[in-house]
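# Observations on chain architecture
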Amino acid sequence: MLYQRITQLPSRSFFLFGVRGVGKSSWARDILPDALQIDLLDEALFHDLLATPSLFRDLASGVASGEWVIIDEVQRIPSLLNEVHRLIEGRGLRFALLGSSARKLKTAGTNLLAGRASRKAMYPLVPQELGADFKLDDVLRHGSIPLVWAAEDRREVLESYTQLYLREEIRAQAAVRNLPGFVRFLPVAALLHGQTLNINGIARDSGVARTTVSGYLDVLEDTLLTWRLPAYEAKLRVRERRRPKLYWVDPGLVRAAKRQFGPVSMEERGALFEGWILGLLRAHAEEQPVFDDIHYWAPVESKTEVDFLLTRDNEHLAIETKSANRYNTGLLKGLRAVKDLPGLVRRVLVYDGERAFRTEDGIEVWTVARFLQALQTDSLWP
């Protein structure tokens, strides 16, 4: 089952990050069929290069200037980036550097090529890629990571994915010292999908120290499973600063971490829908100017909030998401509260209903199909 990805090939060397099974390697092989491919999951090659890094130059000796080299799972040998740097500078080679974790590459002393390679991310399959196969209920239940989506038994693959993550990303990289504590932490973090982070509460529920929780959250983000969405700060005063919200990259993964595999319950649906919309915004922002920055909006003096506040060229676009399939004016509370924000050019409610329209006070109510159309045609902004 092959889908045309929206990811575009850069003209120069680049890093491409994404969780395991998201399709980085398949995409790279498809778009660069003539490139030299170096797969660091090949254990024999991995150990040879680890022992003799100069072997890498020999492998690339037949590649002409301007041609491509693909290095898969580049984070396994960060020191190879020194050789990559030399080959970019000395011979004009171009590199597609694929990784399922940025953790090792962020360590002190790692050569990140000093701007000679751009950074991109690949996300789970979006509706534009799935085409006629897209079904919202299926995506919210199982997610859309290609490894899972293509499986005959999606539940079985999701159940094993957490163990694969713990084995390949956590244990293999020695990312945490207390693996049992991290195992307890994962379902707690999954329960917080779409919620503001309370470090003390997570520490209590996971049975680990507060500082340990902070480190675990960094691990989740470095291994690309989660993002932390900051609150918008209109004025940089300490009293206005809010905790970030935590979002997982894929609905199926957040449910797997909680060991929930059946049909999506009403209690789950709202957070899963909200996180999925954020994932779409981020995925499309990789290829088009969807936003320069993104936050959630929650003023100190009010108990209401708006899910996403996009900023571009000093203008703002407010998006509220609701999984309800029927419209009622109560869904507009946050968007009405944000109306006086300086620079606000559009307010949009995305809901799971069938009717799109504009309210008397200028709020645009969009169906999922209308929102997807705006993303695909780069018309999200007025």
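Below or above, wherever it landed, is the structure these notes cover. Keep in mind it's a predicted model, so treat the numbers as computed, not measured.

Thresholds applied
Residues numbered from 1 in each chain as written. Predicted model: local features only at pLDDT ≥ 70, side-chain atom pairs only at ≥ 80, totals over all residues. Heavy atoms only, no water. Helix = DSSP H or I, 4+ residues; strand = E, 2+ residues; numbered from the N terminus. Contact = heavy atoms within 4.5 Å. Buried < 20%, exposed > 50% of the residue type's maximum accessible area, 1.4 Å probe, protein only. Pairing = 2+ DSSP bridges. Core = buried A, V, L, I, M, F, W, Y, C linked by side-chain atoms within 4.5 Å. Phe/Tyr/Trp six-rings, centres within 6.5 Å; stacked < 30°, edge-to-face > 60°. Lys NZ or Arg CZ within 6 Å of the ring centre and 35° of its normal. Axes fitted to C-alpha atoms, helices over the stretch in contact; angles between N-to-C directions. Arc of directions from axis to C-beta.

### Re the environment of Arg29
Of note, Arg29 is situated in helix α1 (residues 24-31). Here the alpha-carbon distance between Arg29 and Ile70, two residues 41 residues apart in the chain, equals 8.3 Å. Filtering out sequence-adjacent residues up to four positions away, Arg29 remains in contact with Gln37 and Ile70.

### Some remarks on the pairing of strand β11 (residues 315-322)
Among the 8 residues in β11, 6 count as buried, and that is most of the element. Direction of pairing for strand β10 (residues 306-312) relative to β11: antiparallel, over a ladder of 5 bridges. Bridged to Phe308 within β11 is Ile319. In the sheet, β11 pairs with strand β12 (residues 344-351) via 7 bridges, with the strands oriented parallel. By the bridge assignment, Lys322 is partnered in β12 with Tyr351.

### A short note on the sheet that holds strand β7 (residues 226-229)
Across the sheet, 3 strands lie side by side as β6-β8-β7; this open sheet has antiparallel pairing. Across the chains shown, the open sheet's two edge strands, defined by having one partner strand only, are β6 (195-196) and β7. Pairing analysis gives 2 bridges linking β6 to strand β8 (residues 245-248), with the strands arranged antiparallel. Its bridge partner being in β8, Thr196 is matched across the sheet by Lys245.

### Focus on the nonpolar core
Membership of the largest hydrophobic core comes to 118 residues, with the highest contact counts inside it found for Phe182, Trp248, Leu281, Leu310, Phe371 and Leu380. With 8 residues, helix α13 (residues 266-285) is the single largest residue contributor to this core. Aside from chain neighbours lying at most four places away, what touches Trp248 is Leu186, Ala189, Ala190, His193, Leu220, Leu225, Thr226, Trp227, Leu253, Val254 and Ala257. Counting 15 residues, the second-largest nonpolar core is a separate cluster that includes Leu331, Leu332, Leu344 and Ile363.

### Here's the deal with the packing of aromatic side chains
Following the criterion strictly, the structure yields 13 aromatic pairs and no others. When the centroid spacing of 5.9 Å and the interplanar angle of 5° are considered together, the rings of Phe15 and Phe17 count as stacked. Where Phe56 meets Phe95, the ring centres are 6.2 Å apart and the plane angle is 35°; that geometry is what we call tilted. Of the two residues, Phe56 is situated in helix α3 (residues 55-59) and Phe95 in strand β4 (residues 94-99); the sequence distance between them amounts to 39 residues. Note on Phe56: relative accessible area 0%, which makes it buried. One aromatic cluster in this structure is built from Tyr165, Phe182, Phe185 and Tyr216. If you follow Arg154 out to its NZ or CZ, it ends over the ring of Trp149, 4.1 Å from the centre.

### Quick word on the sheet that holds strand β2 (residues 36-39)
The 5 strands are arranged β2-β3-β4-β1-β5 in an open sheet whose pairing can be described as parallel. Each of the sheet's edge strands pairs with one partner strand only, and the pair in question is β2 and β5 (118-121). Here the strands of the sheet are splayed against their neighbours by 15° on average, with no regard to which way each runs. Relative to strand β3 (residues 68-72), β2 runs parallel, the two being bridged by 4 bridges. Following the sheet pairing, Asp39 is matched in β3 by Asp72. In the packing of helix α4 (residues 80-91) onto the sheet, the strands contacted are β1 (14-17), β3 and β4, and the crossing angle to β4 comes to about 160°.

### Side note on unusual backbone geometry
With glycine set apart, most residues show a phi of negative sign, and most peptide bonds adopt trans. With phi around 70°, Leu224 is a residue other than glycine that occupies positive phi space. By the secondary structure assignment, Leu224 is in the loop between α11 (210-222) and β7. Residues other than glycine seldom take positive phi values, yet Asp313 does so here, at roughly 50°. Using a relative accessible area of 60% as the deciding quantity, one classes Asp313 as exposed.

### Let's talk about the side chain of Thr321
Tracing the sequence through the fold places Thr321 in strand β11. Those residues in contact with Thr321, other than ones at most four positions away along the chain, are Phe273, Glu274, Ile277, Asp307, Phe308 and Val350.

### Details of helix α15 (residues 368-376)
Buried residues of α15: Val368, Phe371, Leu372, Ala374 and Leu375, and no others. Around the axis of α15, the buried residues are gathered within 160° of arc, so they sit on the same side. Tucked inside the fold, the buried residues of α15 contact α5 (127-130), α6 (136-142), α13, β11, β12 and β14 (364-367). At the exit of α15 stands Asp378, carrying a positive phi of roughly 55°.

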